[in-house]
Amino acid sequence: MKFGRKSRTTEESPAAEEKAAESGTEVGADVDEKTDATADENADATADAETPDPAGAPRDISEVDVENDGVDRIDLGGMLVAPAEGLELRLQVEEASGEVQSVLIAGPTGAVEVRAFAAPRNGDLWTDVRRQIASETARQGGTATEQEGPHGTELVCRRSVRASDGTTSQQPSRVVGFNGPRWFLRATYLGTPAVNGQLAGAWEAAVASLVVRRGDGPMAPGDQLPIVVPPQARRVG
């Protein structure tokens with residue numbers, strides 16, 4: 001597992017955080033051998049990954065026997081992540097508060113950022129978030145196009161980004177939303193899984209294996225579920 005720091009001074013909504021996901025924020029260095037693999041193993045997993053069951057989606061903790069199903073998940077508090085061969089888990093921590101802002105499942109050619117939020121009971125937060133993302137993308141001169149995927153309406157975004165050397169390029173992302181019981185999970189695919197569905201299987205399977213722990217406490221819709229850094233992680237950067 002990896003985790004590193006980033007500086008963020010303003011609170012972000014689910015839509016604003018999608019913008020941050022595309023910015024390529026730097027993360028830390030390896031620690032957890034269960035989730036990390038060599039570059040060669042990553043490349044093989046990406047090339048050979050089969051497309052997961054389209055019905056596969058993140059599940060609520062009430063739907064999973066996490067104590068007895070034999071899966072050695074990493075407990076991040078609001079989210080439980082199963083190790084994925086060929087991919088690695090990274091956490092992005094806000095420097096000022098020490099809070100985890102982002103969970104990234106990454107490989108050599110792409111990544112998926114996942115964030116879970118509180119939502120109204122039986123609500124559809126994804127419809128509202130999708131509109132916010134599309135509006136913000138258009139305001140910045142990018143494009144956001146809806147398309148139908150295995151889990152309903154997805155959003156394909158393209159934005160112009162400026163590299164450190166001053167060059168500008170188009171950065172694509174594919175955003176998928178999952179409405180759960182009193183929670184909403186957003187998966188933002190970057191790189192290969194954003195542009196090539198046939199090679200997105202490893203990342204999509206990783207998202208489908210997630211377990212969300214909403215908790216019983218009161219939370220406002222749109223508040224991010226708390227993510228905690230597990231004791232085996234090591235800070236770098």
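For the structure itself, consult the block above.
Given the structure is predicted, the values throughout are model-derived calculations rather than measurements. (Residues numbered from 1 in each chain as written. Predicted model: local features only at pLDDT ≥ 70, side-chain atom pairs only at ≥ 80, totals over all residues. Heavy atoms only, no water.)

Of the regular secondary structure elements, the protein chain holds 5 helices and 12 strands. The burial tally for the protein chain puts 47% of its 237 residues in the buried class. Nonlocal contacts in the protein chain, meaning residues at least 24 apart in sequence, comprise 66% of its contacts between residues at least 6 apart. (Helix = DSSP H or I, 4+ residues; strand = E, 2+ residues; numbered from the N terminus. Buried < 20%, exposed > 50% of the residue type's maximum accessible area, 1.4 Å probe, protein only. Contact = heavy atoms within 4.5 Å.)

Further remarks concern the sheet that holds strand β12 (residues 211-212). Taken in spatial order, the 4 strands make up an open sheet running β2-β12-β4-β3, and their pairing is mixed. At either end of the open sheet lies a strand with only one pairing partner, and these are β2 (59-60) and β3 (74-75). In the sheet, β2 pairs with β12 via 2 bridges, with the strands oriented parallel. Considered in β12, the bridge of Asp 60 is made with Val 212. (Pairing = 2+ DSSP bridges.)

Secondary-structure assignment places Arg 174 in strand β10 (residues 168-180). Among the residues examined, Arg 174 registers a relative accessible area of 6% and is labelled buried. One polar contact links the side chain of Arg 174 to the main-chain carbonyl oxygen of Pro 193, over a distance of 2.9 Å. Polar contacts involving the side chain of Arg 174 include one to the side chain of Glu 204, which spans 3.0 Å. Discounting chain neighbours no more than four positions away, the residues touching Arg 174 are Gln 147, Glu 154, Leu 155, Val 156, Ala 187, Thr 188, Tyr 189, Pro 193, Ala 194, Ala 200 and Glu 204. (Polar contact = N/O pair within 3.5 Å; in protein donor to acceptor, adjacent residues only side chain to side chain.)

Here we take up the packing of aromatic side chains. Summed over the entire model, instances satisfying the criterion amount to 2 aromatic pairs. Judged by centre distance (5.9 Å) and plane angle (20°), the rings of Trp 126 and Phe 184 are stacked. Taken as a pair, Trp 126 in helix α3 (residues 125-139) and Phe 184 in strand β11 (residues 183-191) lie far apart in primary sequence, 58 residues in all. On the basis of relative accessible area, Trp 126 is assigned to the buried category, the value being 4%. On the accessibility criterion, Phe 184 (0% relative accessible area) is buried. Aromatic ring contacts, followed pair by pair, group Phe 117, Trp 126 and Phe 184 into a single cluster. The ring of Tyr 189 has Arg 174 sitting right over it, with the charged end atom 4.4 Å from the ring centre. (Phe/Tyr/Trp six-rings, centres within 6.5 Å; stacked < 30°, edge-to-face > 60°. Lys NZ or Arg CZ within 6 Å of the ring centre and 35° of its normal.)

Within the largest apolar cluster, 31 residues are counted, with the highest numbers of intra-cluster contacts made by Val 114, Leu 185 and Val 207. Those elements that provide at least two residues to this core are β4 (79-81), β5 (88-94), β6 (100-106), β7 (110-118), β10, β11 and α5 (201-208). Look past the residues within four positions of Val 207 in its chain and what remains in contact with it is Pro 58, Val 112, Val 114, Phe 178, Leu 185, Ala 187 and Tyr 189. Of all hydrophobic cores here, the second largest spans 10 residues; its members include Ala 119, Leu 155, Cys 157 and Phe 184. (Core = buried A, V, L, I, M, F, W, Y, C linked by side-chain atoms within 4.5 Å.)

In this section: α5. Most of α5 sits out of view: 7 of its 8 residues are buried. Of the residues making up α5, those classed as buried are Gly 201, Ala 202, Trp 203, Glu 204, Ala 206, Val 207 and Ala 208.

As a further point, take the pattern of salt bridges. Going through the model one piece at a time under the given rule, you end up with 9 salt bridges. Across the salt bridge formed by Glu 113 and Arg 115, the nearest N and O atoms sit 2.9 Å from each other. For Arg 115, a relative accessible area of 1% gives the class buried. (Salt bridge = Lys/Arg side-chain N within 4 Å of Asp/Glu carboxyl O.)

This brings us to the side chain of Glu 113. Mapping Glu 113 onto the fold places it in strand β7. A distance of 2.6 Å separates polar atoms of two side chains, one belonging to Glu 113 and the other to Ser 102.

With 8 bridges joining them, strand β9 (residues 152-162) and β10 adopt antiparallel strand pairing. Paired with Cys 157 across the strands is Ser 173, a residue of β10. Connecting β9 to the antiparallel partner β10 that follows it, the hairpin turn spans 5 residues, and Gly 166 within it adopts a positive phi of roughly 95°. For β10 and β11, the ladder comprises 8 bridges, and the chain directions are antiparallel. When the bridges of β11 are listed, Gly 180 appears paired with Trp 183.

What follows covers the pairing of β11. Extensive coverage of β11 is indicated by the burial of 8 of its 9 residues. Both β7 and β11 contribute to a ladder of 9 bridges, which runs antiparallel. Looking at β11, one finds that Glu 113 is bridged to Thr 188. The hairpin formed by β10 and β11 contains 2 residues between the paired strands, and Arg 182 there has a positive phi angle of roughly 70°.

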